[in-house]
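A look at the structure
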Amino acid sequence: MQYSAYYVEESDGTFSASISKLELEKPTDGFVQIKVSHSSLNYKDALSASGNKGVTRNYPFVPGIDAAGTIADANSSHFADGDEVLVTGYDMGMNTPGGFGEYINVPANWVVKKPSALTNIEAMSIGTAGLTAAASVAKIQESSQESDLPVLVSGATGGVGSIGVMLMSKLGKEISALTGKASSVDFLQSIGASNIIMRDEYMESPVKAMERPLFSSAIDTVGGSILSKMLPQISPHGVVACCGNVAGIEVNTTVFPFILRGITLAGIDSAESPLEFKTSLWNKFADEWKIDLSPLVKIVTKENLQHEIDLILQGGQQGRVVLEHGE
Ligand SMILES: NC(=O)c1ccc[n+]([C@@H]2O[C@H](COP(=O)([O-])OP(=O)(O)OC[C@H]3O[C@@H](n4cnc5c(N)ncnc54)[C@H](OP(=O)(O)O)[C@@H]3O)[C@@H](O)[C@H]2O)c1
């Protein structure tokens, strides 16, 4: 039997993608086979799709770090055929073929049963971006700090950022959204940001060792000099959840924000989180953290995916992109 996939091939160091028919293989021991109905587009998928060997070592390859679907071949006692399931992260979409194909074979211990209160589209609207935002919110919630200052979210129109804004807003926090997109002010206000900060203006003044506290905590999805800039602006015992690097991988800081204000720079790695933690976040999204993501989601087919990949690589995406495979 054959299935269809967004398939990336390498030829003489050049990478190109096509919608191809691939041969479906039986799952080996410890693996289950899933018929994927939906996936989603994350920044890491765009890197895999464009030949970034730091993400995907060998091509040809099918990207897709997120998948929602039904068990097609349970091949183990943990699942039954027809179970509705979700997979995010681990090696899927990096070096194990991922959700941009209509079928995946993945280790059973990567798979979560989908909470019944979420549809597949809702789950993939969340996807890895949403789990990352939720893990960041959880880190900030762990802090006992009391402050009336807003929470800063950088890369606020992106996948992680926009869900971070929505979750924090649902939890009753005031949010300052840092963005590079002047055209997205209305969008950011509509998802719960009360104060919009333009990236160019924010970065106009040089990074200082210490500044007046401006934010209680932050979700930083971009890294680099923007992360350096915000650390001295966090109020005592605040948390900066560090989850992305689209603006750079280097951070310049002093020890002052840490030893004078006791702030925490908390790393987020949603892909490799234990399955129990991912399950707890999915259950929150299905219940007390349920948010309507439909205003920020585009649903596309495999044929339209390339355009969305190009857009995310240019930093031009807003919200989330869900891939629908169809019958
Ligand atoms: N740690 C983890 O577990 C984890 C999981 C998922 C994703 N990530 C990382 O989180 C980051 C965001 O992922 P995503 O899927 O949300 O991507 P995304 O949808 O493309 O969002 C990134 C946003 O960052 C801003 N941005 C883009 N280029 C920038 C630049 N050069 N300088 C400053 N800001 C820039 C843009 O928002 P504005 O225009 O609004 O500023 C863009 O929409 C990526 O680095 C990704 O690898 C990490």
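None of the values given here were measured: they were computed from a predicted structure.

**A short note on the environment of Leu227**
By secondary structure assignment, the location of Leu227 is in helix α6 (residues 224–230). For Leu227, a count of 26 C-beta atoms within 10 Å gives the class buried. Taking the C-alpha atoms as reference, Leu227 lies 6.7 Å from Val251; in sequence the two are 24 residues apart.

**Let's talk about the site of the ligand**
With respect to spatial proximity, 32 residues lie near the ligand, and among them Gly155, Gly158, Thr179, Gly244 and Gly315 are the closest. Residue composition of the shell around the ligand, by class: 12 nonpolar, 16 polar and four charged. Here the shell around the ligand spans two domains, since at least three of its residues come from each of domain 1 (2–114 + 293–324) and domain 2 (130–267).

**A look at the nonpolar core**
Buried together is how nonpolar side chains tend to be arranged in soluble globular proteins. Ile34, Val153 and Val165 are the most contacted members of the largest nonpolar core, which totals 89 residues. No fewer than three residues from each of domain 1 (2–114 + 293–324) and domain 2 (130–267) sit in this core. Discounting chain neighbours no more than four positions away, the residues touching Val165 are Val153, Ala156, Ile175, Ala177, Leu188, Ile191, Gly192 and Ala193.

**Side note on the environment of Gly101**
Position of Gly101 relative to the elements: it lies in the loop between β5 (84–88) and β6 (103–107). C-alpha separation for the pair Gly101 and Phe61, spaced 40 residues apart in sequence, amounts to 10.0 Å. The residues touching Gly101, leaving out its near neighbours within four places in the chain, are Tyr3, Ala5, Leu22, Val36, Val62 and Gly64.

About the criteria used
- Each chain has its residues counted from 1, following the order in which its sequence is written.
- Given that this is a predicted model, residues contribute local features only at a pLDDT of at least 70 and side-chain atom pairs are listed and counted only at 80 or more, while totals for whole chains, interfaces and linings are drawn from all residues.
- Labels follow the DSSP assignment, with helices taken as runs of H or I lasting at least four residues and strands as runs of E lasting at least two, numbered in each case from the N terminus.
- To sort residues by burial, count the other C-beta atoms lying within 10 Å of each one's C-beta; a count of 20 or more means buried, 12 or fewer means exposed, and anything in between means partly exposed. C-beta atoms are built from the backbone.
- To decide whether a residue is near a molecule or strand, its C-beta atom is placed from the backbone and checked for lying within 6 Å of it.
- The residue classification treats Ala, Val, Leu, Ile, Met, Phe, Trp, Tyr, Cys and Pro as nonpolar and Asp, Glu, Lys and Arg as charged. All others, Gly included, are polar.
- Either an automatic procedure or a domain database provided the assignment from which the domain bounds are taken.
- What makes a nonpolar core is a set of buried Ala, Val, Leu, Ile, Met, Phe, Trp, Tyr and Cys residues, with links drawn between C-beta atoms within 7 Å.
- Placing a C-beta atom from the backbone of each residue, one calls two residues in contact when those atoms lie within 7 Å.

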